[in-house]
Amino acid sequence: MGKRYALDEPIAGKRIQPSGEEEEMSKAAVGIAVVALLLAAGAFTLTVLIWAMPSLIIDRYDLKHKGDANQGGSQGQGQTPSAVSTTTPQAQLTVQPTQGPEVIAEIQQKPQIYIFGYDGDWRPQQYVNAEGRLAGISIEVMTEVCRMKNKTCHHTLSHQPKEIWDTQAKNGQGIQNGWYHAGVGLFRTADRINVFKFLGEYLTPSMAFFYGMKNNATNVTNTTVPATTPGPPSSSSIIGFHELYYTDQSCLVRNGVTMARDIHRITNDFEVLKDLLASGTIDYIFAPDNTFPAGGDIVKISPGYDCTLGNGGIMMRHDMNLQWVEEGMAELISSQKYRDICNSATVNHDAAATCLP
């Protein structure tokens, strides 16, 4: 009978060696186990850090929204405001229902910054001065209202006036999309009140007029005769309009003026309109009273037209709550400070303001 061996006893003095394939499989299994252990340790460490330091998540969230607000909310449009005043804005943070109570409390404690948009071509109300900064009584008025109501406000020049009010689209992309809490220095019109609401009145509207070039005529003897004032426009006249102003095509239609609507020129710069008028590209400019100084080559043509439905102030979406502006504006208008801002407009901004009486 042959010799019996214990299970772990070497046979003929030799240990049984695993095959090469078995050895490789064993090493791979050990490697996988090590990687899994490292991943589990990393996940545990990250969980502990987030629990102990939630600011790691909030700070990144906050920075993203600050970046969005610094661009006026127009990242998708490639548009950024070209002139600003006061502090850099941050958007109001949105509370996500899945965030813990500590995170929500930190977001809610962030100070609210209100962003107001302005057009920069309306002296003395609002314009860009020689230093490239926003200036005018609108900025002075809103700065004072924000101070009185203890609010942090950011005043920014709209990159395109259409962000605040698009005359042709009859909307304001920047206000509608929340890039601005409100536009400043705007008047109620039939088109605007269909889309936005108004409050915080501080300006009175001017009548609107046609403006044309003073004509120098030459008679048959080649003698220049005195300059004459152009007559009123006809239905075929080409008229220039300033984007954002209340002196738009709808005003003329409402006042019974017949015109060919598809041949007019709309720009966001009165200097451009003046050049177009001087070159004969357009026949008239339709603009508020006193837009062009008396005694020059551009003359005002009567009669005037009423284009507004009330005083000028702040324009915003219907769901925007800025009641503090209404309250602050009422307090300011009843004070001497408002009178001082208005009375100094000619000296500080080279033109008389159209303030409330």
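It should be emphasised that the depicted structure is a prediction, and the values quoted were computed from it without experimental measurement.

### Let's talk about helix 4 (residues 137–148)
A rise of 1.5 Å per residue sets the reference length of helix 4, with its 12 residues, at 16 Å; its end C-alpha atoms lie 16 Å apart and thus fit the reference within 8%. Among the residues of helix 4, those classed as buried are Ile137, Ser138, Ile139, Val141, Met142, Glu144, Val145 and Cys146. The positive-phi residue at the C-terminal boundary of helix 4 is Asn150, with phi of around 55°.

### Thoughts on the packing of aromatic side chains
A full pass over the atoms with the stated rule returns 14 aromatic pairs. Centre to centre, the rings of Phe116 and Trp324 are 6.3 Å apart; their planes meet at 70°, and the pair counts as edge-to-face. Taken together, the residues Phe116 in strand 2 (residues 113–118) and Trp324 in helix 8 (residues 323–333) connect sequence positions 208 residues apart. Their ring planes at 75° and their centres at 5.0 Å tell us that Tyr211 and Phe292 sit as a pair that is edge-to-face. Taken as a pair, Tyr211 in strand 9 (residues 208–213) and Phe292 in the loop between strand 12 (284–288) and strand 13 (298–305) lie far apart in primary sequence, 81 residues in all. You'll find Tyr211 and Phe292 in the same group, each marked buried. Every member of this aromatic cluster is reached through a ring pair, and the members are Trp122, Phe187, Tyr211, Tyr245, Tyr246, Phe270 and Phe292. Sitting over the ring of Tyr127, Arg123 keeps its end group 3.8 Å from the ring centre. In this structure, Lys300 is placed above the aromatic ring of Phe209, and the distance from its NZ or CZ to the ring centre is 4.6 Å.

### Digging into the nonpolar core
Formed by 59 residues in total, the largest nonpolar core has its most connected members in Phe116, Ile285, Phe286, Ile314, Leu322 and Trp324. Ranked by the residues each element gives to this core, the list is headed by helix 4, at 6 residues. With residues near it in sequence (within four places) discarded, Ile285 still touches Phe209, Phe210, Tyr211, Gly240, Phe270, Leu273, Lys274, Leu277 and Phe292.

### A few points about the confidence of the model for the protein
Mean pLDDT over the protein works out to 77, with 68% of the residues at or above the 70 mark. With pLDDT under 50 throughout, residues 1–16 is counted as low confidence; its partners more than four residues away or in other chains account for 4 contacts. In this model residues 54–82 is a low-confidence stretch, pLDDT under 50, and it forms 46 contacts with partners more than four residues away in sequence or in other chains.

### Section: the sheet that holds strand 13
Here 5 strands make up an open sheet; going across it, the order is 11-10-12-9-13 and the pairing mixed. Whereas interior strands pair on both sides, the edge strands pair on one side only; in this sheet they are strand 11 (265–267) and strand 13. Here the strands of the sheet are splayed against their neighbours by 30° on average, with no regard to which way each runs.

### A look at helix 8
In an α-helix, one turn spans 3.6 residues; hence positions three or four apart end up facing the same way. Along helix 8, the residues that are buried comprise Trp324, Val325, Gly328, Met329 and Leu332. Down the axis, helix 8 shows its buried residues gathered within 130° of arc, on one side only. Close packing links the buried residues of helix 8 with strand 2, helix 4, strand 6 (152–157), strand 8 (197–203), strand 14 (312–316) and helix 9 (336–343).

### A look at unusual backbone geometry
Of note, the amide linkage connecting Arg123 to Pro124 takes the cis form, showing an omega dihedral of 5°. When you line up the elements, Pro124 lands in the loop between strand 3 (121–122) and strand 4 (126–128). Note the cis peptide between Ser302 and Pro303, where omega equals 10°. On the secondary structure map, Pro303 appears in strand 13. A positive phi angle, close to 55°, is found at Asn150, a residue other than glycine. A positive phi is found at Lys170, a non-glycine position, where the angle reads about 55°.

### Side note on the pattern of salt bridges
As enumerated under the stated definition, the model contains 9 salt bridges in all. Glu271 is the salt-bridge partner of Lys274, the closest N and O atoms lying 3.5 Å from each other. Of this pair, Lys274 and Glu271 are both found in helix 7 (residues 270–279), 3 residues apart, which corresponds to roughly one turn of the helix. The exposure class assigned to Lys274 is partly exposed, which follows from its relative accessible area of 29%. The partner of Asp319 in a salt bridge is Arg317, with the nearest N and O atoms 2.9 Å apart.

### Re the side chain of Ser158
Of note, Ser158 is situated in the loop between strand 6 and helix 5 (173–176). Ignoring sequence-local partners within four residues, the contact set of Ser158 consists of Tyr118, Asp119, Glu163, Ile164 and Tyr180.

### Here's the deal with the state of the cysteines
On inspection of all chains with the given rule, the structure shows 3 disulfides. Covalently, Cys251 is tied to Cys307 through a disulfide, its sulfur atoms 1.9 Å apart. Residues Cys251 and Cys307 share a disulfide whose torsion about the S-S bond is about -75°; that sign makes it left-handed. One end of the pair, Cys251, is in helix 6 (residues 249–254); the other, Cys307, is in the loop between strand 13 and strand 14, with 56 residues separating them in the sequence. As far as burial versus exposure is concerned, Cys251 and Cys307 are alike and both buried.

What counts, and where the lines are drawn
Residues numbered from 1 in each chain as written. Predicted model: local features only at pLDDT ≥ 70, side-chain atom pairs only at ≥ 80, totals over all residues. Heavy atoms only, no water. Helix = DSSP H or I, 4+ residues; strand = E, 2+ residues; numbered from the N terminus. Expected span 1.5 Å × (residues − 1). Buried < 20%, exposed > 50% of the residue type's maximum accessible area, 1.4 Å probe, protein only. Phe/Tyr/Trp six-rings, centres within 6.5 Å; stacked < 30°, edge-to-face > 60°. Lys NZ or Arg CZ within 6 Å of the ring centre and 35° of its normal. Core = buried A, V, L, I, M, F, W, Y, C linked by side-chain atoms within 4.5 Å. Contact = heavy atoms within 4.5 Å. pLDDT = per-residue confidence, 0-100. Pairing = 2+ DSSP bridges. Axes fitted to C-alpha atoms, helices over the stretch in contact; angles between N-to-C directions. Arc of directions from axis to C-beta. Salt bridge = Lys/Arg side-chain N within 4 Å of Asp/Glu carboxyl O. Disulfide = S-S within 2.5 Å.

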